[in-house]
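Chain residues, written in single-letter form:
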Amino acid sequence: MANMVADESCSGHVYSMDIQETALQNTASLLDKSLDPHKREMVELFATCHSKMEEVVPRGVTVRLVAFNLGYLPGGDKTVITKSETTLLGMNAASRILASGGLISVLVYVGHPGGMEEYEMVEGFASGLAVNEWICCKLQTMNRPLAPILVLLCKR
């Protein structure tokens, strides 16, 4: 994402949120190794829930992409998972701060306890968005019922 928002002005920014310190440490390490210092400065990591998005992203900032990666941290504690309640709060926040022409990407892992319930919430949220303001679709592997499902919400 950092490479996608980087342009000549270096005015783009990535705000990343996770409740697991291990995920943030892994991300910081990867960013430090793969980005030049100028681009690395464009990425901020926050130890907080995605439901707090509007507290993290400064008011007035143009938001073009919000990406949710729901479920649990691979190789981490599988009892620490995203929850429908906080994901709904996060998706509502994302829909409010997203600029016209922007995209909300939601990758939902359904193969763990609570995953299908969270997917149903995401699908219900997307289905309830106004047709004249949003284009919503999903990509689902039909012959792998427990494969992750990608939901895309494009704000007109």
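Not measured: the values here are computed from a predicted model.

**Notes on the pairing of strand β4 (residues 98-108)**
If a strand is regular, its side chains alternate between the two faces of the sheet.
At step 1: Bridge analysis of strand β3 (residues 63-70) against β4 gives seven bridges, and the strand direction is parallel. Bridge assignment links A67 to a residue of β4, and that residue is S105.
At step 2: Running through helix α5 (residues 84-97), the crossover from β3 to the neighbouring parallel element β4 is right-handed.
At step 3: Where β4 meets strand β6 (residues 149-155), six bridges bridge the pair, whose relative direction is antiparallel. Counted as the bridge partner of S105 is L152 from β6.

**Some thoughts on the side chain of E118**
At step 1: As for its placement among the helices and strands, E118 is situated in helix α6 (residues 115-127).
At step 2: Residue contacts for E118: discarding those within four places in its chain leaves L70, G71, T82, K83, S84, T87 and V108.

**Concerning the layout of surface pockets**
At step 1: Its volume calculated, the largest pocket comes out at about 1,500 Å³.
At step 2: Looking at the largest pocket, it is lined by 50 residues, and the ones nearest its centre are M1, Y15, S16, M17 and A67.
At step 3: Those elements that place two or more of their residues in the lining of the largest pocket are α1 (2-5), β1 (14-18), α2 (21-34), β2 (43-47), β3, α5 and β4.
At step 4: The element that contributes the greatest number of residues to the lining of the largest pocket is β3, accounting for eight residues.
At step 5: Residue composition of the lining of the largest pocket, grouped by class: 31 nonpolar, 15 polar and four charged.

**Topic: the packing of α5 against α6**
At step 1: Running from N to C, α5 and α6 point in directions that differ by 25°, and their axes come no closer than 10 Å. When the axes of α5 and α6 are compared, the pair comes out roughly parallel. In the packing of α5 onto α6, the handedness of the crossing is right-handed. Residues S84, E85, T87, L88, M91, N92 and S95 of α5 form the contact with α6, whose own contacting residues are E117, E118, M121, V122 and F125.

**Description of the nonpolar core**
At step 1: The biggest cluster of nonpolar side chains holds 24 residues, and the ones touching the most others in it are F68, I104, V106 and L153.
At step 2: When contributions to this core are tallied by element, the ones reaching two or more residues are β3, α5, β4, α6 and β6.
At step 3: In terms of residue count, the dominant contributor to this core is α6 (five residues).
At step 4: When near neighbours in sequence (up to four residues on either side) are disregarded, L153 contacts M91, G102, L103, I104, F125, A126, L129, W134, I135 and C136.
At step 5: V14, L31, M42 and V43 belong to the second-largest nonpolar core, a separate cluster that totals seven residues.

**Some details on the state of the cysteines**
At step 1: Under the counting rule described, the total for this entry stands at zero disulfides.
At step 2: The structure places no disulfide on C154, whose sulfur is separated from the nearest cysteine sulfur, that of C137, by 8.7 Å.
At step 3: Judged by its relative accessible area of 29%, C154 is partly exposed.

**Regarding α6**
At step 1: With 13 residues, α6 extends 18 Å from end C-alpha to end C-alpha; this agrees with the ideal 18 Å at 1.5 Å per step.
At step 2: In this structure, the buried side of α6 is in contact with β3, α5, β4, β5 (134-139) and β6.

Conventions adopted
- Residues numbered from 1 in each chain as written.
- Predicted model: local features only at pLDDT ≥ 70, side-chain atom pairs only at ≥ 80, totals over all residues.
- Heavy atoms only, no water.
- Pairing = 2+ DSSP bridges.
- Helix = DSSP H or I, 4+ residues; strand = E, 2+ residues; numbered from the N terminus.
- Right-handed = clockwise from strand over helix to strand, strands pointing away.
- Contact = heavy atoms within 4.5 Å.
- 1 Å grid on protein atoms, 1.4 Å probe; cavity = no way out; pocket = protein on both sides within 12 Å on 5 of 7 lines; lining within 4 Å.
- Points joined across faces, edges and corners; volume = space filled by probe spheres on them.
- Nonpolar A, V, L, I, M, F, W, Y, C, P; charged D, E, K, R; others polar.
- Axes fitted to C-alpha atoms, helices over the stretch in contact; angles between N-to-C directions.
- Parallel < 35°, antiparallel > 145°, perpendicular 65-115°, else oblique.
- Left-handed = near helix turned anticlockwise from the far one by under 90°.
- Core = buried A, V, L, I, M, F, W, Y, C linked by side-chain atoms within 4.5 Å.
- Buried < 20%, exposed > 50% of the residue type's maximum accessible area, 1.4 Å probe, protein only.
- Disulfide = S-S within 2.5 Å.
- Expected span 1.5 Å × (residues − 1).

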